[in-house]
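# Working through the structure, step by step
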Amino acid sequence: EQQNQNIDNPDQRISEDVKSFTAFSLSFFLIILNSTLDCIAFSIVLFSIKPQLFVTIIFFAVMGTLGSWLIGKKLIGLNFEKLKKEADFRFSLVRIRENAESIAF
């Protein structure tokens, strides 16, 4: 019984985690694929026009990526907390529905 107290809405949490993971994975894959193709195509054109500008743009892209990564680290924890609160809310709604008659009287 001690172990059950540590688990917080396991069925709903698993369902939300799977949904979030699959949606994020598909979105991430499509963005990476599209970005890679765009980057290759535009890099070839830009390098043929002005190689110095190409190197400068790569530098700024790396700096922007590092900045996004630093900001994104904090967002992971916030997203986890949001999903936890949503799961708790749905769990409470199910309990209210199960006990609606006793609550009403």
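The sections below set out a description of the structure shown in this document.

How each quantity is defined
- Residues numbered from 1 in each chain as written.
- Predicted model: local features only at pLDDT ≥ 70, side-chain atom pairs only at ≥ 80, totals over all residues.
- Heavy atoms only, no water.
- 1 Å grid on protein atoms, 1.4 Å probe; cavity = no way out; pocket = protein on both sides within 12 Å on 5 of 7 lines; lining within 4 Å.
- Points joined across faces, edges and corners; volume = space filled by probe spheres on them.
- Helix = DSSP H or I, 4+ residues; strand = E, 2+ residues; numbered from the N terminus.
- Nonpolar A, V, L, I, M, F, W, Y, C, P; charged D, E, K, R; others polar.
- Axes fitted to C-alpha atoms, helices over the stretch in contact; angles between N-to-C directions.
- Parallel < 35°, antiparallel > 145°, perpendicular 65-115°, else oblique.
- Contact = heavy atoms within 4.5 Å.

## Comments concerning the layout of surface pockets
Taken as a whole, the largest pocket spans an internal volume of roughly 310 Å³. Elements with a minimum of two residues in the lining of the largest pocket: helix H2 (10-49) and helix H3 (51-98). Sort the elements by how many residues they give to the lining of the largest pocket and H3 lands first, with 6 residues. Partitioned by chemical class, the residues of the lining of the largest pocket number 6 nonpolar, 3 polar and 1 charged.

## Some thoughts on the packing of H2 against H3
Packed helices, taken two at a time, are described by the angle between their axes plus the distance between the axes. Interhelical geometry of H2 versus H3 gives an angle of 170 degrees and a closest axis separation of 12 Å. Taken together, the axes of H2 and H3 lie roughly antiparallel to each other. Residues Gln12, Arg13, Glu16, Asp17, Ser20, Ser43, Leu46, Phe47 and Ile49 of H2 touch H3, and the partners they reach there are Pro51, Leu53, Phe54, Ile57, Phe80, Leu83, Lys84, Glu86, Ala87, Arg90, Phe91 and Val94. Of the residues belonging to the contact of H2 with H3, the class tally is 12 nonpolar, 3 polar and 6 charged.

Worth remembering: the numbers are spatial, not functional.
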